[in-house]
Amino acid sequence: MTRAPSYLFCLAAAAVLSAPAMAAEMRLMTGPQGGVWVPLGGQLKDLWEKAVPGLSVQSLPGAGIANVRAIEENKAEAGFGNSISTVDGLAGNAPFPKKHDNICNVASLYPQYFQMLVPVDSGINSVKDLKGKAITTQPRGNTGELITGQLLKVNGMSYNDVKISFVSYTDSVEQVKDGHAQAFSLGTAIPSGAVMDLASARDVKLLDLSADLEGMKKLNPGYTLVTVPKGTYPKQDQDVKVIGYATHVVVSCKLPAEQVYAMTKAIAENVPALAATSKALAGLTPKIMAEDVGVPFHPGAAKFYKEAGIAVQAK
């Protein structure tokens, strides 16, 4: 058998050492049971494993605030985030105990809608009417839970002024269905599958939150007012203004640039597949993905946007 010259082995070794270090395994934090982040996480897992040779992605349940903490603490490498809470994480604002420096942006995906649902016959017409009522929201560490507490604060209340339950979307729907809760708050895309499930069982309405925007912006300037168009949910006969923010993908700043470049490119090139899971992603473009939400981009993501003719602030 002919032996290869020793210099060939040296060249091969050098090529391996100079190649970008691609992570063999990556933990992706998604969202709570019943939310859209779980199936979207499954989509990203498939896309990223095809885009990055040898990559294995483990999709795990999570929540906006908890995902940022997990990446900072090296318990995960990627996750979904909400712009408002991610910015708080970088700054070290409550509920984050310190500044989170290992969080890099990859792409904005779609606007999020904070929605407060109440039964039509509940007599509840504003957040102020929730005093003394039973409210169900997401587990602690979820952005929707954080916003619920802030919304109460803006209206001169706290969790002590209501009967609060921190559970999954699925359990929240059941509590309102059977009358154990008079309000259900959640932050997600529209239409929400959980809200559709609830609306199929009993008549509910969305609370208009436009009067609360000024107070909410004092707590976090990233809040906006977004519209849930009429007809989004059964028997919704008019547009409703609610509190808005953005869902985005964040990663550990320690991930190799070439890996994050491939991950970002995979999102941009597979919008139809992602939109099949969530209609909120229909029409997603590199320009939307590169939206400045106050979180510096990973150098790998910035490389992709530069190629698309878009300048972004990189870490």
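Owing to the predicted nature of the structure, the values given are computational and were not obtained by experimental measurement.

Student: How would you sum up the packing of aromatic side chains? Please name residues and give values.
Tutor: Inspection of the entire model under this criterion finds six aromatic pairs. Taking 5.3 Å as the distance between ring centres and 25° as the angle between the ring planes, the aromatic pair formed by W37 and F80 counts as stacked. Of the two residues, W37 sits in helix α2 (residues 37–51) while F80 sits in strand β3 (residues 78–82), which places them 43 residues apart along the sequence. Above the ring of F96, the side-chain terminus of R69 is found at 5.5 Å from the ring centroid. Positioned above the aromatic ring of Y261 is the side chain of K303, whose terminal nitrogen or guanidinium carbon lies 4.7 Å from the ring centre.

Student: Could you give an account of helix α4 (residues 83–91), naming the residues involved and the relevant values?
Tutor: All of the buried residues in α4 are S83, I84, S85, T86, D88 and G89. In this structure, the buried side of α4 is in contact with α3 (64–72), β3, β4 (103–119), α5 (143–154) and β10 (240–252). Immediately downstream of α4, the backbone of G92 shows phi near 80°, a positive value.

Student: Go over the state of the cysteines, please, and point to the residues and values.
Tutor: Throughout this description, disulfide means a covalent bond between two cysteine sulfur atoms. This structure, assessed with the given rule, holds one disulfide. Each disulfide pairs two cysteine sulfurs, and for C104 the partner residue is C253, the sulfurs being separated by 2.2 Å. The S-S bond linking C104 to C253 shows a torsion near 110°; that makes this disulfide right-handed. Taken together, the positions of C104 in strand β4 and C253 in the loop between β10 and α9 (257–269) put the pair 149 residues apart, joining distant regions of the chain.

Student: Residue-level account of the packing of α2 against α9, with values.
Tutor: At their nearest, the axes of α2 and α9 sit 9 Å apart, and the two run at 125° to each other. Comparing their axes, α9 and α2 come out oblique. In the crossing of α2 with α9, the sense of the turn from one axis to the other is right-handed. Contact residues: L44, L47, W48 and A51 in α2; A262, M263, A266 and I267 in α9. Split into classes, the residues belonging to the contact of α2 with α9 amount to eight nonpolar, no polar and no charged.

So, how was this worked out
- Residues numbered from 1 in each chain as written.
- Predicted model: local features only at pLDDT ≥ 70, side-chain atom pairs only at ≥ 80, totals over all residues.
- Heavy atoms only, no water.
- Phe/Tyr/Trp six-rings, centres within 6.5 Å; stacked < 30°, edge-to-face > 60°.
- Helix = DSSP H or I, 4+ residues; strand = E, 2+ residues; numbered from the N terminus.
- Lys NZ or Arg CZ within 6 Å of the ring centre and 35° of its normal.
- Buried < 20%, exposed > 50% of the residue type's maximum accessible area, 1.4 Å probe, protein only.
- Contact = heavy atoms within 4.5 Å.
- Disulfide = S-S within 2.5 Å.
- Axes fitted to C-alpha atoms, helices over the stretch in contact; angles between N-to-C directions.
- Parallel < 35°, antiparallel > 145°, perpendicular 65-115°, else oblique.
- Left-handed = near helix turned anticlockwise from the far one by under 90°.
- Nonpolar A, V, L, I, M, F, W, Y, C, P; charged D, E, K, R; others polar.

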